[in-house]
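Chain residues, written in single-letter form:
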Amino acid sequence: MSSIISTNMQCMEILVDLHETVKGSVSNKKRWHMAFATIYCSRAFLPPFKKQQIINKFIPPSEISSNLIKISPNPSSRIVIDVVEKHSVFPDINQPILTNLVKEKSLNQLAKLGGVEGISSSLKTDYQQNGINDTNPEDIVSRHEAFGMNTYHKLPTKSFFHYVLKDPTILILLICAALSLGFGMKEDGPKEGWYDGGSIFVAVFLVISVSAISNFRQSRQFDKLSKVSNNIPVEVVRNGRRQQILIFEIVVGDVACLKIGDQVPADGLFIDGHSLQVDESSMTEESEHVEIDQIMNPFLFSGTKVADGYAKMLVTSVGMNTTWGEMMSTISGDSDGQTPLQARLNKLTSYIGKVGLLVAFLVLLVLLVRYFTGNTEDENGNKEFNGSKTKIDDVINAMVGIIAAAVTIVVVAIPEGLPLAVTLTLASSMKRMMADQAMVRKLSACETMGSATTICTDKTGTLTLNQMKVTKFWQGKETIEGKNYTLISSNVLELFHQGISLNTTGSVYKSSKLGSDLEFSGSPTEKAILSWAVLELNMDMDAVKRDCNIVNVQAFNSEKKRSGILMKKVGDGTSHVHWKGAAEMILALCSYYYDLEGNVKALNDDEIMKFDQIIQGMAASSLRCIAFAHK
């Protein structure tokens, strides 16, 4: 809500003069009457609703300098004061400030608001650890009221009648049907003259109804599919716990976790992370990735993709308050595009129709010329047209017959059954695929799959639960079978704890409730390694993080196939580097290895070959090989 208070500049100047005069002579009643008259006159020029605002609204001087009131002069010499009402739960901030902050990438405005810390405080969010409190439903409701929901306004769905009479061929046939019906009833009477025209109307009605119903049902199915496909899961921190929610449930103040391949769910600010690069080509059309950091560019836009690194972000705008939301609201999910077969057949039909119309016009012209030049005869051998001697009714009947012949040529030339046949074929294909639980997003997919002769697939061709588990462990050239992890030497075990706890994008959450299980979050690989380290190697992730400080991070990506950290111990101040990644990539970096007793041994060519054989053997067993290295 915003209230506009407008007053004439000339009246404002009179009031200032009066104020100075009245200060000198308070007893001068005429001056007061003039002041009252001036105010009353200025109100007379305002609309009724603005008069009520002037009477009822008093703006304290302290608020005029705040961000809640914007004063902007317009060309008509008026002062416009835009008052933004405060929300009872979030009185220190409002949505226009947050929206403009990210859109304009204003570092100065961010500094004035106290940075990420100040904004999170105004949004009542613990951005460092706990996030927002989702156990209180009123908190989520108040955020929806103050800042909106993460949904987009879409263009209205097209009605059934939008799909009727789209084909120009159908329009031509309707005109021909009307002419044929009229001429037939004129020549043969109402009882028998409606046959030709009525038949054309029935054929056109069948084509229109079947095509429109098929396209309308396809549009509805497309809308349902879009709702499911757009509602992607997002990882957020709430009550200190990393959890997945749907993107439409995210609210302003949420702390969202981003990793490679994720879509940024809303506009927000960078909290912390490493090597974060974002693909903003969907917004700016620039192919180069944009680096996001805490100092120079902490602004994240909804709809962009994370190209490298990982981070946490504070959500500041959702839904229609984001740039992406404004763009999405103008894009129609129109599924009316023709399939390749339909496009080719429509082109052919259009060409045949044009040729038919041309031939019909030539026939009409020739018949008219022959009739009016007296070259046509009736059944008795007499000329049909004898100038002024011919009755007007006879001329009209002859003209009707000539036009009916031309219309017949058009009707015969245009293949009205072709669009119906194509529509029925595609609709039947889509229905059969849906019976197999295959949702058809576009009708052209039916044609494409019908033309496919060979299907190439990746991976192993097996269905999985998308869950992983550590099944084999090698230290040096020795494998540790079962759960006999006590054989690992203490110094190597400490290095494992450091490398797993610090060099990860996953997390471990333990509820304060008694008997509750640990929750592991992250990618399937990260969750498998964390659960193995915590449950089998007795790793205390929080204790390791307290004893070490991370200095630098190299995030994992598909090119390097490894991630690394540089950390410093709090106790002795020594620096350590830990790497984790694909076994063959990590092996290429190493010059030494630890044996089962924890002794450091050099890697020569023979040892490297043995390790390669171990890695290849595990890969042949469909295992994902992860190696750890330390310096």
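Residues numbered from 1 in each chain as written. Predicted model: local features only at pLDDT ≥ 70, side-chain atom pairs only at ≥ 80, totals over all residues. Heavy atoms only, no water.

In this section: the layout of surface pockets. The probe, sized like a water molecule, is rolled over the atoms to show the empty space still left. In this structure, the second largest pocket spans a volume of roughly 1,200 Å³. Forming the boundary of the second largest pocket are 42 residues, of which R242, K312, G506, S507 and K545 lie nearest the centre. Across the lining of the second largest pocket, the residue classes tally to 16 nonpolar, 15 polar and 11 charged. (1 Å grid on protein atoms, 1.4 Å probe; cavity = no way out; pocket = protein on both sides within 12 Å on 5 of 7 lines; lining within 4 Å. Points joined across faces, edges and corners; volume = space filled by probe spheres on them. Nonpolar A, V, L, I, M, F, W, Y, C, P; charged D, E, K, R; others polar.)

The subject of this paragraph is the nonpolar core. Ranked by size, the top nonpolar core spans 41 residues in total, and within it I119, L123, I250, L269, L276 and L300 carry the most contacts. For this core, the secondary-structure elements that each account for two or more residues are α5 (95-103), α7 (115-122), β4 (233-238), β6 (255-258), β7 (267-279), β9 (299-300) and β10 (305-317). Sequence-distant contacts of L123, defined by excluding residues within four places in its chain, comprise F90, I93, L98, R143, F147, V252, G253, L314 and V315. By size, the runner-up hydrophobic cluster in this structure holds 17 residues, among which are F496, F520, A533 and V534. (Core = buried A, V, L, I, M, F, W, Y, C linked by side-chain atoms within 4.5 Å. Buried < 20%, exposed > 50% of the residue type's maximum accessible area, 1.4 Å probe, protein only. Helix = DSSP H or I, 4+ residues; strand = E, 2+ residues; numbered from the N terminus. Contact = heavy atoms within 4.5 Å.)

So, about the sheet that holds strand β15 (residues 548-554). Read across the open sheet, the 4 strands follow the order β15-β16-β17-β20; overall the sheet is antiparallel. At either margin of the open sheet sits one strand with a lone partner, and together these are β15 and β20 (626-630). Pairwise comparison of adjacent strand axes, ignoring direction, gives a mean angle of 20 degrees for this sheet. Note that strand β17 (residues 575-582) and β20 share 5 bridges and pair antiparallel. Its bridge partner being in β20, K580 is matched across the sheet by F628. Against the sheet, helix α17 (residues 490-502) touches β15, β16 (562-569), β17 and β20, its axis set at about 115 degrees to β16. (Pairing = 2+ DSSP bridges. Axes fitted to C-alpha atoms, helices over the stretch in contact; angles between N-to-C directions.)

What follows concerns a nonpolar patch on the surface. Taken together, L358, F361, L362, L365 and V369 make up a surface patch of nonpolar side chains, about 480 Å² in accessible area. Looking at the secondary structure, you find V369 in helix α13 (residues 340-372). (Patch = residues over 30% accessible without salt bridge, like charges linked within 9 Å, V, L, I, M, F, W, Y side chains within 5 Å. Areas by Shrake-Rupley, 256 points an atom, 1.4 Å probe, with all protein chains shown as cover. Salt bridge = Lys/Arg side-chain N within 4 Å of Asp/Glu carboxyl O.)

A full pass over the atoms with the stated rule returns 7 aromatic pairs. With a centroid separation of 5.2 Å and 55 degrees between ring planes, the pair formed by F90 and F147 is classed as tilted. Highlighted residues: F90 in the loop between β3 (78-84) and α5 and F147 in helix α8 (residues 137-147), separated in sequence by 57 residues. Considered together, F90 and F147 belong to a single accessibility category, that of buried residues. The rings of F473, F496, W532 and F628 are connected pair by pair, giving a single aromatic cluster. Looking at R562, its charged tip hangs above the ring of W579, at a distance of 5.1 Å from the centre. (Phe/Tyr/Trp six-rings, centres within 6.5 Å; stacked < 30°, edge-to-face > 60°. Lys NZ or Arg CZ within 6 Å of the ring centre and 35° of its normal.)

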